[in-house]
Amino acid sequence: MVENTLAAFSQCGQPEQVLEPHSAPVREPKAGEILVRMLAAPINPADINFIQGVYGLKPVFPDATAGMEGCGVVEETRSPAFLPGDQVILLHGIGTWAKYLTASADRFLKLKVPVDPAQAAMLKINPPTAYRLLTGYRELHRGDWLVQNAANSGVGRCVMQLARLLGFKTINLVRRADRWAEELRTLGADVVVGEDDPQAVQQVLAALGGTRPLLGLNAVGGESAIRLMEVLGDGGTLVTYGAMSKQSLKVPNRFLIFKGLELKGLWITAWLQQQSRGDIEQLYDRLAGWMAKGALHQPIDATYPLAQVTAAVTRAQEAYRNGKVMLRLDQ
Ligand SMILES: NC(=O)c1ccc[n+]([C@@H]2O[C@H](COP(=O)([O-])OP(=O)(O)OC[C@H]3O[C@@H](n4cnc5c(N)ncnc54)[C@H](OP(=O)(O)O)[C@@H]3O)[C@@H](O)[C@H]2O)c1
């Protein structure tokens, strides 16, 4: 019998303290299920929050497993929708930080074009989040501007790459402009400004001339979100989808009274649950196609085998990384 290894935890807490690699026999698929040999899974801020018990989904004990997204290859199938060797990503549920995953076939999505496994492992969450942020709140036309913070994050990079594909222009706030500006410009960023510069807002406004963006994308909160609201034009929309600074969103009254800003929030998990399977497949086929061509890419800071999951989650929580921390599950 083949042995599985998975990252499990029996109580919420700091991931490096509560997670441990756990061994169990691989479960054979029942009717309607597939057995997937996992290849790669990233560590996202949402995974850390889930293990800490502060995310929108809560772990089920005993022996909760971790990992909200990841990529693998079908090893055995008892579903007519999949063949052995199909490249798949987990679409619904949790448990990708494992060497094998046996689950209902409808929890997976088959990739119609081959995609590098580490990139495919990051397809489920950040690319559709960026796509929805760009298309779900304001009707942007070619040449229209938007402004975002945490622009060097996985989502931020997806936003600027998709914006370039869709013909929109981006103003990008980052914490280390000297480190990121050149690289982000090659991905399509039109303007990159350092958040820590006291003149950040003035720099953005100078780069825009008289134009003001009507869409702002906020993954940080606190003072950073205020900078976005400062830049937005009258009647603009600020969409909050993350809170990396752990600071609440503070809204100076003038932005509501005189600018008439609209405040929205996105949780992609909830949005995906409201879409039909057909619409979801169409969206992911499009995003996977861009990924396969290299037009949608998220960098990797470091790669760890599952046996070193503790070191991996520690690195994933450090500031100033150079991309995602990736678990290689086939090592
Ligand atoms: N709502 C949704 O459906 C949804 C979906 C996907 C992601 N998200 C959220 O989006 C955010 C980004 O996710 P990701 O996967 O793209 O992240 P990521 O690739 O891990 O990058 C994290 C980013 O946060 C920045 N950051 C960290 N601490 C910060 C602080 N104190 N102040 C300002 N910036 C800080 C980092 O900047 P440095 O490089 O300078 O450290 C980096 O740009 C997270 O909050 C995540 O939970 C939400």
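Calculation notes
- Residues numbered from 1 in each chain as written.
- Predicted model: local features only at pLDDT ≥ 70, side-chain atom pairs only at ≥ 80, totals over all residues.
- Helix = DSSP H or I, 4+ residues; strand = E, 2+ residues; numbered from the N terminus.
- Rg over C-alpha atoms; globule rule 2.2 N^0.38 Å.
- Buried ≥ 20, exposed ≤ 12 C-beta atoms within 10 Å, placed from the backbone.
- Arc of directions from axis to C-beta.
- Contact = placed C-beta atoms within 7 Å.
- Pairing = 2+ DSSP bridges.
- Near = placed C-beta within 6 Å.
- Nonpolar A, V, L, I, M, F, W, Y, C, P; charged D, E, K, R; others polar.
- Domains from an automatic or database assignment.
- Axes fitted to C-alpha atoms, helices over the stretch in contact; angles between N-to-C directions.
- Core = buried A, V, L, I, M, F, W, Y, C linked by C-beta atoms within 7 Å.

**What to know about the overall build of the protein chain**
Then, in step 1: Across its full length, the protein chain holds 12 helices and 16 strands.
Then, in step 2: A globule of 331 residues ought to have a C-alpha radius of gyration of about 20 Å, and the protein chain, at 20 Å, matches this closely.
Then, in step 3: Counting over 331 residues, the protein chain shows a buried share of 41%.

**Side note on helix α6 (residues 177-187)**
Then, in step 1: When we look at burial in α6, the residues that qualify are Ala177, Trp180, Leu184 and Leu187. Burial along α6 is one-sided: seen end-on, the buried residues are contained in an arc of 95 degrees. Set apart from the buried face of α6 by more than 90 degrees, the exposed residues are Asp178, Glu182 and Thr186.
Then, in step 2: In the core, the buried residues of α6 are packed alongside α5 (154-166), β10 (169-174) and β11 (191-194).
Then, in step 3: Note on α6: the residue one or two positions beyond its end, Gly188, has a positive phi of about 120 degrees.

**Observations regarding the environment of Trp267**
Then, in step 1: Inspection of the secondary structure puts Trp267 in the loop between β14 (262-265) and α10 (268-273).
Then, in step 2: A residue is classified by how many C-beta atoms lie within 10 Å of it, and Trp267, with 12 of them, is exposed.
Then, in step 3: Here the alpha-carbon distance between Trp267 and Tyr241, two residues 26 residues apart in the chain, equals 6.5 Å.

**With respect to the sheet that holds strand β1 (residues 3-9)**
Then, in step 1: Strand order in the open sheet made by the three strands is β2-β1-β4, with antiparallel pairing throughout. Every interior strand has two partners, whereas the edge strands, β2 (20-25) and β4 (64-65), have only one.
Then, in step 2: In this sheet, β2 lies alongside β1 in antiparallel orientation, the contact comprising six bridges. From the neighbouring strand, Asn4 faces β2, where its bridge partner is Ala24.

**Looking at the site of the ligand**
Then, in step 1: Around the ligand there are 27 residues in total, and Ser153, Gly154, Arg175, Gly242 and Ile268 lie nearest to it.
Then, in step 2: Listed by contribution, the elements that provide at least two residues to the shell around the ligand are α2 (45-52), α4 (126-135) and α5.
Then, in step 3: For the shell around the ligand, the class distribution of residues is 14 nonpolar, nine polar and four charged.
Then, in step 4: Residues from two domains meet in the shell around the ligand; each of domain 1 (3-122 + 298-328) and domain 2 (126-269) gives at least three.

**Looking at the sheet that holds β11**
Then, in step 1: The six strands are arranged β11-β10-β9-β12-β13-β14 in an open sheet whose pairing can be described as parallel. At either end of the open sheet lies a strand with only one pairing partner, and these are β11 and β14. This sheet shows a mean twist of 20 degrees between the axes of neighbouring strands, independent of strand direction.
Then, in step 2: Where strand β12 (residues 215-218) lies against strand β13 (residues 237-240), four bridges are found, and the strand directions are parallel. Bridged to Gly216 within β13 is Leu238.
Then, in step 3: The sheet strands contacting α5 are β9 (145-148), β10 and β12, and the helix crosses β10 at an angle near 160 degrees.

**Examining unusual backbone geometry**
Then, in step 1: Cis peptide bonds are those with omega within 30 degrees of zero, and the linkage from Phe61 to Pro62 qualifies with 5 degrees.
Then, in step 2: Position of Pro62 among the secondary structure elements: in the loop between α2 and β4.
Then, in step 3: Although it is not a glycine, Lys246 adopts a positive phi angle of roughly 60 degrees.
Then, in step 4: With respect to the helices and strands, Lys246 occurs in the loop between β13 and α9 (253-257).
Then, in step 5: Despite not being glycine, Tyr320 has its phi angle at roughly 60 degrees, a positive value.
Then, in step 6: Within the element layout of this structure, Tyr320 appears in the loop between α12 (309-316) and β16 (324-328).

**Some points on the nonpolar core**
Then, in step 1: Among the nonpolar cores identified, the biggest contains 95 residues, and Val36, Trp97, Val159, Val192 and Leu327 are the most heavily contacted of them.
Then, in step 2: Per-element accounting of this core gives the leading share, eight residues, to strand β3 (residues 33-43).
Then, in step 3: Summarising the domain contributions, this core has at least three residues from each of domain 1 (3-122 + 298-328) and domain 2 (126-269).

**Some remarks on α4**
Then, in step 1: Burial within α4 is extensive, with eight of its 10 residues counted as buried.
Then, in step 2: Listed as buried for α4 are Asn126, Pro127, Pro128, Thr129, Ala130, Tyr131, Leu133 and Leu134.
Then, in step 3: Where α4 is buried, its residues touch α5, β12, β13, α10 and α11 (277-293).

**Concerning the environment of Leu287**
Then, in step 1: Relative to the helices and strands, Leu287 is located in helix α11.
Then, in step 2: A residue is classified by how many C-beta atoms lie within 10 Å of it, and Leu287, with 22 of them, is buried.
Then, in step 3: For the pair formed by Leu287 and Trp271, sequence separation is 16 residues and the distance between their alpha carbons is 17 Å.
Then, in step 4: Apart from residues lying up to four places away in sequence, Leu287 is in contact with Leu123, Pro127, Pro128, Tyr131 and Leu296.

**Details of the domain arrangement of the protein chain**
Then, in step 1: Domain parsing of the protein chain yields domain 1 (3-122 + 298-328) and domain 2 (126-269).
Then, in step 2: When each unit is reduced to the centre of its C-alpha atoms, the spacing between domain 1 and domain 2 is 30 Å.
Then, in step 3: Taken together, the contacts link six residues of domain 1 with eight residues of domain 2.
Then, in step 4: Of the residues that constitute the side of domain 1 that touches domain 2, the class distribution is three nonpolar, two polar and one charged.

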